[in-house]
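Summary of structural features
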Amino acid sequence: MWRLRRAAVACEVCQSLVKHSSGVKGSIPLQKLHLVSRSIYHSHHPTIKLQRPQLRMSLQQFSSLTNLPLRKSKISPMKYGYQPRRNFWPARLAARLLKLRYLILGSAVGGGYTAKKTFDQWKDMIPDLSDYKWIVPDIVWEIDEYIDLEKLRKALPDSEDLAKLAPDFDKIVESLSLLKDFFTTGSSGETAFRATEHGSENDKHYRKGLLGELILLQQQIQEHEEEARRAAGQYNTSYAQQKRKVSDKEKIDQLQEELLHTQLKYQRILERLEKENKELRKIVLQKDDKGIHHRKLKKSLIDMYSEVLDVLSDYDASYNTQDHLPRVVVVGDQSAGKTSVLEMIAQARIFPRGSGEMMTRSPVKVTLSEGPHHVALFKDSSREFDLTKEEDLAALRHEIELRMRKNVKEGCTVSPETISLNVKGPGLQRMVLVDLPGVINTVTAGMAPDTKETIFSISKAYMQNPNAIILCIQDGSVDAERSIVTDLVSQMDPHGRRTIFVLTKVDLAEKNVASPSRIQQIIEGKLFPMKALGYFAVVTGKGNSSESIEAIREYEEEFFQNSKLLKTSMLKAHQVTTRNLSLAVSDCFWKMVRESVEQQADSFKATRFNLETEWKNNYPRLRELDRNELFEKAKNEILDEVISLSQVTPKHWEEILQQSLWERVSTHVIENIYLPAAQTMNSGTFNTTVDIKLKQWTDKQLPNKAVEVAWETLQEEFSRFMTEPKGKEHDDIFDKLKEAVKEESIKRHKWNDFAEDSLRVIQHNALEDRSISDKQQWDAAIYFMEEALQARLKDTEDAIENMIGPDWKKRWLYWKNRTQEQGIHNETKNELEKMLKCNEEHPAYLASDEITTVRKNLESRGVEVDPSLIKDTWHQVYRRHFLKTALNHCNLCRRGFYYYQRHFVDSELECNDVVLFWRIQRMLAITANTLRQQLTNTEVRRLEKNVKEVLEDFAEDSEKKVKLLTGKRVQLAEDLKKVREIQEKLDAFIEALHQEK
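Okay, so let's go over this structure. On a predicted model such as this, the values are computed, not experimentally measured, just so you know.

**Some details on the state of the cysteines**
One pass over the full model with this rule turns up one disulfide. Disulfide pairing is shown between Cys893 and Cys911; the S-S distance is 2.1 Å. Residues Cys893 and Cys911 are joined through a disulfide that is left-handed, its torsion about the S-S bond being -100 degrees. A residue pair is termed long-range when its members are at least 10 positions apart, and Cys893 in the loop between α32 (867-892) and α33 (897-901) and Cys911 in the loop between α33 and α34 (912-956) qualify at 18 residues. Its relative accessible area of 0% is what places Cys893 among the buried residues. No disulfide involves Cys890; its nearest neighbouring cysteine sulfur is the one of Cys893, lying 6.7 Å away.

Structure below.
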């Protein structure tokens, strides 16, 4: 009976193995059971004759990845009517150990196979993403810059701690080895069962049979495992063959779809983070603007750099010897989309627009910086344009257009003068861009003949800078062979080390180009001789000028999301959209700045040292005054000289006015008033003629002449103060400026129009007065008359001398001779003097018979004369005769004041001519007094105001100052100031750059 119990135990072990080693429910056939079990079930087994009904068990389904049951299997109680006399504990121990062994072995084998199979399936399903690393944003590869991985690693448990949690596979292997040694034949097996040697011989035979059956069971399990491996291999082979049936194209399309979805996912996350960052920075900057933190905000890094460029631009406008500091130069063919790309980067439609017309007529330097509000302002203006308002955008575009037209000189189409514009806004990439006029191939109507050459020279001047980043814009909607700018860029940067190529209007290019691979060739630079640092493709809208920046950006993203260029891998994701272009250009710009700015600062330090040494050697005792400081100094001197006009005494004003006015009107008084009136026969006619002619003169000419004299006198006095040397303090460097200010002030100054009307009344009343009150006034009138007549007589004698030539004294003393014409005039003069001696009261004009008589007398002496010559000679001869007679009469009138008081009654002496000159003298004095009052009270102040206006205009006109303040001293001081300013700004920028690092 004990053998039956041992067999039942072995059978129970086999049943337990079958229960835990299969994954399919069902009954176990007899031939698959253990030998011991078959001996129990089979009726002809040689060991036992007891027949027992067949056991049927349902097998539990499980996976190799599930946990095996850890509880012990309970053996069903058997009641066969036979009880053993003693327990056979070695067999029971072997059965249990055998159960544990096969549980572990079966689980390990089955679980390993299933895990390997599952891992292979997952591995085949995962696409190979090694070629698509570019899709992942740079922030993923640079995550170590934002997350401290070292701290994260320290926070995780060590490998030793993790190893403690894992099972001790060495002990498991050791236990299995012990079990194997325990059940294998040999010394160890004999040792294990040596304790049972005192058993019967039947026990030994049973033990050997049981071990043989167990070994046979182990072999069968190994066979089943081999069959399972072969089945798994066949399955893998069929799966691989089925997988290969899927076309490569579908696989590629699937992978590309997954990659695009992944890219869009990251792009949305990035946009969301950028938007949140933008809003947060905007809030922070707004708080700083409101002074919440009570601290003074420093200038941004890009603003400091832009100021350096502005100073350098003023330092050398020719750009030939200018700085080598980086800036992004935007070049391209006309209408290629340069301005649109720049507007997308600036996030605002800020430039004038035109349909096929040249709109960019001068370089526009745009400094992009970050700020709380989206605004734009010019360098020389304090007005801010709100770029979120359409009316401000329109005003900004209009202002840019006006500045461009102002820079363009007459007869030109483009100008090299730069317009400096600052654009601030949240989320803008910090950089400095220069938008250049578009390169043209043909000069059209309305353009200057040299427009094409001028555009080429401007573009070359900017691109020659070895540190300038060239943003080459190419229109993708036109044939690449029509491009002009690519050849120009390849000449300036043949190796493409600082060129970024941008293909615009890709949507039109994809629609119109028959072969999409041509776009790829353009992007890769295979159709052009030029090389580039990077290639980008962008879309700048649908061609509607009213499109907003946000609408264009949405259209661009939608286009590239559905474009075949990305789906077919002709373009990479980082090569498209203006956003990626802006990031790449900004990174390249700052990289170039960091590499070159310190070298430029060192060069300017050397230049400053050289200039300071030159100034000390040439001008050791003079201050370093630049052109603006010199202008301010000259301005103060000029204003002081204008103020000096108010210190001129009234007496001096009246004397110079009276003298100047008489010099201006003396000829008219004597020739047109006095001489005609003196030809009359009596005093009544004389006075009547004088009154009529004085009235006509006063109404038409005299007031205007008086104002002209006053204005000229003011000019002369002003010029005298301006040009009068100041001794040692005089600086001749201001002479040209003072002369220009004087001329411009005089040109702008106009006398008060109402002055002539009031002056006419005063002069008319003065000439109407004939009453001489005392002898002193009478003598003053005679003296004035004598001076006037003597001056006129002297002029007449000089005219006669020039007419007849030198007299006999000069001919003998100075060896001078008369010309033939002078000899004829001399003969005619002598003949006319004979006529006057015969008739001293001869009238002023010769009669025709008298002219004939004179001519015949001269012809009798062999002198041929013309009647006109006789008349000209008579005019001078008679004038001299008349003036001498008038002077004699003036001497007679010195004692005529008594007769004047009696109105020349009962007297042969008539001195009406003295009264005339007294009236003229009185009119001159009253007019001079009136003009003096108007000068000191009104005109001097108006002139001072005009001078200030002229100086203010000159101060704003840089070209005028350069033209008027010239010289080596000025230029040296100007260069020295600029270099110092540049160096200081560069040092401040470099310090801020290091702090940002």
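After presenting the structure, the write-up continues.
**Here's the deal with the sheet that holds strand β1 (residues 328-332)**
Read from one edge to the other, the open sheet built from nine strands follows the order β4-β3-β5-β2-β6-β1-β7-β8-β9, with strand pairing classed as mixed. In this open sheet, the two edge strands, each paired with only one partner strand, are β4 (385-386) and β9 (534-537). Here β1 runs beside strand β6 (residues 431-435); their pairing, made up of three bridges, is parallel. The residue of β6 that forms the bridge with Val329 is Val434. Those strands touched by helix α14 (residues 390-407) are β2 (364-370), β3 (375-378), β4 and β5 (419-425), and its axis lies near 160 degrees from that of β5.

**Examining the packing of aromatic side chains**
The relative placement of two aromatic rings is captured by the distance of their centres and the angle of their planes. Summed over all chains, the structure comprises 14 aromatic pairs. Taken together, a centroid distance of 6.1 Å and an interplanar angle of 90 degrees make the contact between Phe378 and Phe385 edge-to-face. Taken as a pair, Phe378 and Phe385 share a single burial class, namely buried. Through successive ring pairs, a cluster of aromatic residues spans Trp662, Tyr674, Phe784, Phe882 and Phe917. The ring centre of Phe378 lies 4.0 Å from the NZ or CZ of Arg403, which sits over that ring. In this arrangement the basic side chain of Lys961 is found over the ring face of Phe631, its NZ or CZ atom lying 5.7 Å from the centre.

**A word on helix α13 (residues 338-346)**
Within α13, nine of the nine residues are buried, which leaves the element mostly enclosed by the surrounding structure. Where α13 ends, the next residue or the one after it, Gln347, has phi of about 60 degrees, a positive value.

**Some remarks on the packing of helix α23 (residues 650-678) against helix α24 (residues 683-700)**
Packing of α23 against α24 brings their axes to within 8 Å, and their N-to-C directions diverge by 150 degrees. As the angle between them shows, α23 and α24 are arranged roughly antiparallel. Viewed along their axes, α23 and α24 form a crossing whose handedness is right-handed. Contact residues: Val665, His668, Val669, Asn672, Ile673, Tyr674, Pro676, Ala677 and Ala678 in α23; Phe686, Thr689, Val690, Lys693, Leu694 and Trp697 in α24. Residue classes in the contact of α23 with α24 are distributed as 11 nonpolar, three polar and one charged.

Scoring rules and cut-offs
Residues numbered from 1 in each chain as written. Predicted model: local features only at pLDDT ≥ 70, side-chain atom pairs only at ≥ 80, totals over all residues. Heavy atoms only, no water. Disulfide = S-S within 2.5 Å. Helix = DSSP H or I, 4+ residues; strand = E, 2+ residues; numbered from the N terminus. Buried < 20%, exposed > 50% of the residue type's maximum accessible area, 1.4 Å probe, protein only. Pairing = 2+ DSSP bridges. Contact = heavy atoms within 4.5 Å. Axes fitted to C-alpha atoms, helices over the stretch in contact; angles between N-to-C directions. Phe/Tyr/Trp six-rings, centres within 6.5 Å; stacked < 30°, edge-to-face > 60°. Lys NZ or Arg CZ within 6 Å of the ring centre and 35° of its normal. Parallel < 35°, antiparallel > 145°, perpendicular 65-115°, else oblique. Left-handed = near helix turned anticlockwise from the far one by under 90°. Nonpolar A, V, L, I, M, F, W, Y, C, P; charged D, E, K, R; others polar.

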